[in-house]
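Survey of secondary and tertiary structure
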Amino acid sequence: MEATMAKAINLALRDSLAADSNALIFGEDVGALGGVFRITDGLQKEFGDERVFDTPLAESAIIGVAIGLALRGFRPIPEIQFDGFIYPAFEQIVSHVAKYRNRSGISLPITIRVPFGGAIGAVEHHSESPEAYFAHTAGLKVVTPATPSDAYGLLRASIADDDPVVFFEPKARYYVKDTIDQAATVPLGKACVRQEGTAVTVIAYGPTVQTAIQAAREASKADTSLEVIDLRSLSPLDMDTIMASVNKTHRAVVVHEAPVFCGFGAEVAARVSHDAFDLLEAPVQRVGGLNVPYPPSRFEKLYLPDVDRILEAVDHVLAYG
Amino acid sequence: MEATMAKAINLALRDSLAADSNALIFGEDVGALGGVFRITDGLQKEFGDERVFDTPLAESAIIGVAIGLALRGFRPIPEIQFDGFIYPAFEQIVSHVAKYRNRSGISLPITIRVPFGGAIGAVEHHSESPEAYFAHTAGLKVVTPATPSDAYGLLRASIADDDPVVFFEPKARYYVKDTIDQAATVPLGKACVRQEGTAVTVIAYGPTVQTAIQAAREASKADTSLEVIDLRSLSPLDMDTIMASVNKTHRAVVVHEAPVFCGFGAEVAARVSHDAFDLLEAPVQRVGGLNVPYPPSRFEKLYLPDVDRILEAVDHVLAYG
Amino acid sequence: MRDYLPRCPLRYPGIRLSLVADVVEVIRAEDPVGRLFSPDGTLSEAARGELGLDAAALRDLYRKMVVIRRADQEALNLQRQGELGLWGQFLGQEAVHVGATLALRPTDWIFPSYREFGMAMCRGIDPAEMLTLFRGLSHGPWDPRRYAFAPLAIPVATQVPHAVGFAMGCRLKKTDEAALVTFGDGATSEGDWHEAMNFAGVFRAPVVFLCQNNFWAISVPLSKQTAGSIAERAAGYGFPGLRIDGNDILAVYAATRAAADRARRGEGPYLIEAVTYRMGAHTSSDDPTRYRLDADVQAWSAKDPITRYKAWLMGAGILDEGSDRAITEEAEGIGREIREKLLRLPVPEPGEAIYGRVYGNPPEPFLREREEFEASLEQD
Amino acid sequence: MRDYLPRCPLRYPGIRLSLVADVVEVIRAEDPVGRLFSPDGTLSEAARGELGLDAAALRDLYRKMVVIRRADQEALNLQRQGELGLWGQFLGQEAVHVGATLALRPTDWIFPSYREFGMAMCRGIDPAEMLTLFRGLSHGPWDPRRYAFAPLAIPVATQVPHAVGFAMGCRLKKTDEAALVTFGDGATSEGDWHEAMNFAGVFRAPVVFLCQNNFWAISVPLSKQTAGSIAERAAGYGFPGLRIDGNDILAVYAATRAAADRARRGEGPYLIEAVTYRMGAHTSSDDPTRYRLDADVQAWSAKDPITRYKAWLMGAGILDEGSDRAITEEAEGIGREIREKLLRLPVPEPGEAIYGRVYGNPPEPFLREREEFEASLEQD
Ligand SMILES: Cc1ncc(C[n+]2csc(CCOP(=O)(O)OP(=O)(O)O)c2C)c(N)n1
Ligand SMILES: Cc1ncc(C[n+]2csc(CCOP(=O)(O)OP(=O)(O)O)c2C)c(N)n1
Ligand SMILES: [Mg+2]
Ligand SMILES: [Mg+2]
């Protein structure tokens, strides 16, 4: 069926609530309003306000009570309204969600949904890419879809998983349509090849996957064949899929919106540089956000990786040496 | 003069308070008690309880009021009691301390002191290494000393700097003595070579510098000459000093206590692999904490990088290819 | 359970002031703010007389409300026409914006949330320049020091500890400044709000906490935001709290001035809960029809702060049709000027806009990155 | 300003209960907990009679206090001898530990802070096994589900929202469980405490908030922790709060049981501020001589919960010298057993201790890392 990513996530939530009577959705404005992005639209009406409910304005408590609800046997799916507002919950996520099982033996099947990324012309704090903070936190799984059907499959898998997942939704891609297959399952921890190619491996995730695919199209006009990998899971990271590609291409570029310094691309670049040391024909290039706070929206295009900057990096690894 | 790192930091605080009547120290138990590590010992007595004062138990407010005090013309030096308790303040640090100047033009000369790292046999949450979270946050400077004299010099420089600094103190090294020179200035953003060598560059910071130096001593017995670099500043990162060394050695190992995955070592490894692509004789090795929550203290020796694991990595880069 | 405490009305049918009544009972003795209000929570006639505002000053309060409402409307139009990325109206909250700002000294810092465009105008910040924030040109288009007006704080409640720290600093410097921090009803649920309130009590910071209780946090009504009472919470931190009619500009003016003067005298913080209503959508991205009834909004338009105050001014012979018309025309002109100026304002140079204000003492690698970035722009 | 509110004593000379008096006044009408207490805050004779505890049960409360104090002392000795890395005594707080735990049903979850060793023992958790946490062998040596006793929460106040969420879950499941969360006076300054209190009120969660106000947060006295009052804060969240004498075990028992039963009936949360005193150091790493006077500590030893209760039991002919001696000997034996068992307990296998409980569904790379780790151990 045809659906936007927003609709696919809405469906995944609905199907998850229907499949498991212990699944709960809560957060700021997720009830009557259906969320500021309408992701939970209609769910309170369908499942009632005991399973889909608004909370007071307090992110730390939203995650803290999710832990308590999980201990009581529920499968909480809290929503954090925007990337920039997950920070008040950082303590609960890092010190408890990630570590609770390690001290209690009790799994916390919590899926924290977070719209993230820029390119929506928003005011400050609404375009952040905080994924590296969570990928660096042992005990969490970090997932981000790039397509509607992955959004459906990965969210179902995240909710079904007994471990806590931070699920980053590329909000700039919410309204892009694609066909989704509700039957297809998408496992956590497995990347995929979005576009086959031979010359350079372009590794992306979430919002930058589409940019990478566009870059591949551009490049193909110049007969340069890019292989685009969509990581889908950042933690765990699927090095096998990455290495299978680099074994072919001997060249890699990694792309994300977050600032490059200490960003998730550093892990990918370090791993590829290490594991493919004898194969690489050129240094791994990182294309990402500038090393500044997210700028005013009029300048976000200059801050965010785009097709040109990806192609520049591609040219660089191709021209190298 | 001879002093422990704890004493050196105490002196740096005292000299900073004496030098600038707007410098303030506050936090949990920093007053009469002198801090749980006695770092602020005697300062309240000497400067009075308007310049050195205890606060209620609330990290987010400790940082939040530091911002307000800075706006009012003070130079706040808040203490976070332990690494594991900085997370409640994450929102104030990431959304405000790091970004306030970018939206106001007003510098916030705040130095956030945080004892960090493990190897002290502590209970959970008292042995964390959260530096990567802050290094990835544009707008902050991140500093960590390895010796008493650097602790003095870097803290004076951090407090004097008009930008916010997160100052990580390797608590396991607090009571190690060394000679300090209060006259010597140590600039931010400059790494240093702790030990000259020719075969392999070992890059460390904070608590792992001493371990790297011990590894160098061990290695020298086998006529392997290690060059040990102490980064001192993580953000900004001094690539010039690193590259000068790698230009000699063509081999690099990076060491820290934090889990390796997405840790600060990923940035260092990615940069060295990139900038030294044609020089490297072996892939950069990362030696760090295991990818798990910090374990119970009886097992911390197995979790933390030690001389053996550094030497293993050294052997690996030497034997490579 | 919701009703176990008579002192603690848990739903607010319109403005119920029974709580204030009690609080006043308790604190009238020493509370210079509560003293101005009759037990039913309205500003007493006596207090009204003692405001020391002459006819011109009383008219100016009206004029400012009319002007900021017109500017608010202009900003909404600009957003609808795609000239602003987002707009959050303060329609219905003008009495709080004008009354509180005018009650302070111009040197008393104000720590706003994100909806305080009206307060900013009262502080003399150029409205067109301020709107460049919502046009995506700047995260903070004014110098806070020049206007004693902090940058907008978008993460809810995070500005509250800033104000408390600033006020602690005023006390340490032994000045007679006071700080005012304003926030919404939803903000009172955040941990930062609580931590800051408690710090203020412990350090007796000269800060006025001004809650604009407009009954909504986006789609979440006050009844789902808390089962308790906002004004009531102050007692738990060791200072007084008072709920007032936030649509009565003189009540806001009187309470704010008395609370600020009290703070100057070193008597500590004060919490004012100004009960008002968000007449518009949360922001231009919001659709209130999904969660609230038009009837509720209509009920509140009867309490419109401008209409009420205008009636009082006319009844008191302080305002007449002529001067009212003049004010409306002036407001029209200001609305037009804002639009014209905003559309004329240049887009800043990207290198400066992106890198210019991040560090006071920019590190080497940062400066190199900026150079490369600016060089790359020239290429294109 | 500190005294503007007669209802709000800002310093606590010993146990000043004027506040409770007022709270009781206000809520006696419908508060089943407050009703048990006389206006001066002491448990009323009538309530004492209605506790439904026979002589054996009353003796058992005493016995448990004696036993956990002896175990606490043993743990401190073990720490001094280097067998534990750290110890945080609860000396002086035994009445809260025993009274609150026994007042609950064994199936009511308790969410402790880090000082609740005595509560854990009352729940049947093996003390020697629990001490392995402070011996660095495990972050959580018991199964919380088996004892309805959550893991210790070391980051202050972070367990409070967990308890509220758990209680929200009990309500959603329509059970008659109640949850109890305990925390210190310092914890009430944290944002998490506030957010959780507010959630509890909004969702009418069946949770009892039990503050062990022992006057100190490490070196910070209550007077620097807040200018307000802890019990008083509950009203701001829409539920009752009561300050009680935390060194009177029957007061703690009665208040906790009444608050838990009230929660079971769906009447919502309750805050009990049990006023007690930290007779020992904060932990074995602390040196209280740097910040408090021995005289203050001495003053409180007169209020020792065990001595007081013992005197009452003897006066009431429920306890005699013989049975008291038997209890002391039993406690001695338990102390010895704890030591012997602890020293016998094996060190877990490192691979399991470090990797075994991180994930319920461990990812491939994680399992590979564990294998490599375990292989590397075999090499050495
Ligand atoms: C920490 C944080 N969480 C969530 C948001 C998203 N958000 C913006 S405004 C708002 C509601 C605020 O309500 P209130 O405090 O009553 O202020 P009002 O908008 O009514 O003026 C929310 C949830 C935010 N800006 N910051
Ligand atoms: C978030 C956090 N900040 C700081 C600490 C360090 N710390 C441990 S206990 C304590 C004092 C707690 O006082 P209180 O809540 O009164 O409990 P008590 O120790 O008196 O039982 C502090 C500051 C911590 N554990 N967690
Ligand atoms: Mg509101
Ligand atoms: Mg205490």
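Structure shown above.
What comes next is a walk through the structure. (Residues numbered from 1 in each chain as written. Chains lettered and ligands numbered in written order. Predicted model: local features only at pLDDT ≥ 70, side-chain atom pairs only at ≥ 80, totals over all residues. Heavy atoms only, no water.)

**Considering the coordination of the magnesium ion (ligand 3)**
Residue and element names in this part refer to chain C. Using the following cut-off: The rule for donors is simple: an N, O or S atom within 2.8 Å of the metal counts, and for Na, K and Ca the reach is 3.2 Å. Water is not among the atoms, so a site may look short of donors. Note on conventions: DSSP H or I runs of at least 4 residues are helices, E runs of at least 2 residues are strands, and numbering of each starts at the N terminus. Think of it in three bands: with a 1.4 Å probe and only protein chains considered, a residue is buried below 20% of the maximum accessible area for its type, exposed above 50%, and partly exposed in between.
The protein atoms that coordinate the magnesium ion (ligand 3) are D185 (OD), N214 (OD1) and W216 (O), at distances of 2.1 Å. Linear spacing of the donor residues for the magnesium ion (ligand 3) on their chain is D-x28-N-x1-W. You can see D185 sitting in the loop between β2 (179-184) and α9 (191-203) and its partner W216 sitting in strand β4 (residues 216-217), a full 31 residues away along the chain. Residue D185 shares its accessibility class with W216, and that shared class is buried.

**Structural notes on the site of ligand 1**
This is how the line gets drawn: Think of it this way: one heavy atom of a residue within 4 Å of a molecule or strand is enough to make that residue near it. Polar contact criterion, stated in full: a pair of N or O atoms within 3.5 Å, where within protein one must be able to donate a hydrogen and the other to accept it, and residues adjacent in sequence count only if both atoms are side-chain atoms. For every accessible area listed, the method is Shrake-Rupley and the probe measures 1.4 Å; residues are considered covered only by the protein chains on display. When residues are sorted by character, Ala, Val, Leu, Ile, Met, Phe, Trp, Tyr, Cys and Pro go into the nonpolar class, Asp, Glu, Lys and Arg into the charged class, and all the rest, Gly among them, into the polar class.
Contacts to ligand 1 come from 20 residues, most closely from A:E59, C:Y114, C:R115, C:D185 and C:W216. Chain contributions to the surroundings of ligand 1 come from chains A and C. In the model, a nitrogen atom of ligand 1 is placed 2.9 Å from a nitrogen or oxygen of the C:V156 main chain. Protein chains shield 95% of the accessible area of ligand 1, which is 580 Å² for the free molecule. Taken together, the residues of the shell around ligand 1 sort by class into 10 nonpolar, five polar and five charged.

**Remarks on the relation of the copies chain A and chain B**
The condition is simple: We superpose the copies by least squares over the C-alpha atoms of residues that have a pLDDT of at least 70 in both of them. The contact criterion used throughout is that any non-hydrogen atoms of two residues lie within 4.5 Å.
Overlaying chain A on chain B yields an RMSD of 0.0 Å, the required transformation being a rotation through 180 degrees with an accompanying axial translation of 0.0 Å. What the rotation and shift describe, once combined, is the action of a two-fold rotation axis. When C-alpha positions in chain A are compared against the rotation axis, the closest is assigned to A:A270, at 2.2 Å. The overlap is high: 100% of the interface residues of chain A also sit at the interface in chain B, so the same surface is used on both sides.

**A closer look at the nonpolar core**
Condition: For this analysis, a nonpolar core means a set of buried residues of the types Ala, Val, Leu, Ile, Met, Phe, Trp, Tyr and Cys, connected via side-chain atoms within 4.5 Å.
Within the largest apolar cluster, 214 residues are counted, with the highest numbers of intra-cluster contacts made by A:L231, A:V272, B:L231, B:V272, C:F209 and D:F209. Within the second largest apolar cluster, 108 residues are counted, among which are C:L61, C:W87, C:L104 and C:A274.

**Side note on the interface of chain A and chain B**
Quick reminder of the rule: Accessible area, probed at 1.4 Å, shrinks when two parts are joined; the buried area is that loss added up over both. Salt bridges are defined as contacts in which a side-chain nitrogen from Lys or Arg sits within 4 Å of a carboxyl oxygen from Asp or Glu.
Listed by partner, the interface residues are 51 residues for chain A and 51 residues for chain B. For the pairing of chain A and chain B, the buried interface totals around 4,200 Å² over both sides, and the portion due to carbon and sulfur atoms is 63%. Applying the counting criterion to the chain A and chain B interface returns six salt bridges. Measuring nitrogen to oxygen at the nearest pair gives 2.7 Å for the salt bridge that ties B:R286 to A:E267.

**Structural notes on the interface of chain C and chain A**
The interface of chain C with chain A comprises 37 residues on the first partner and 29 residues on the second. Summed over both sides, the interface of chain C with chain A buries roughly 2,900 Å², with 63% coming from carbon and sulfur. Along the contact surface separating chain C from chain A lie one salt bridge. For C:R290, the salt bridge is made with A:D41, and the minimal N-O distance between the two is 2.6 Å. For the pair chain C and chain A, the number of links is eight residue pairs in polar contact (both at pLDDT 80 or more). For the side of chain C that touches chain A, the per-class residue count stands at 22 nonpolar, eight polar and seven charged.

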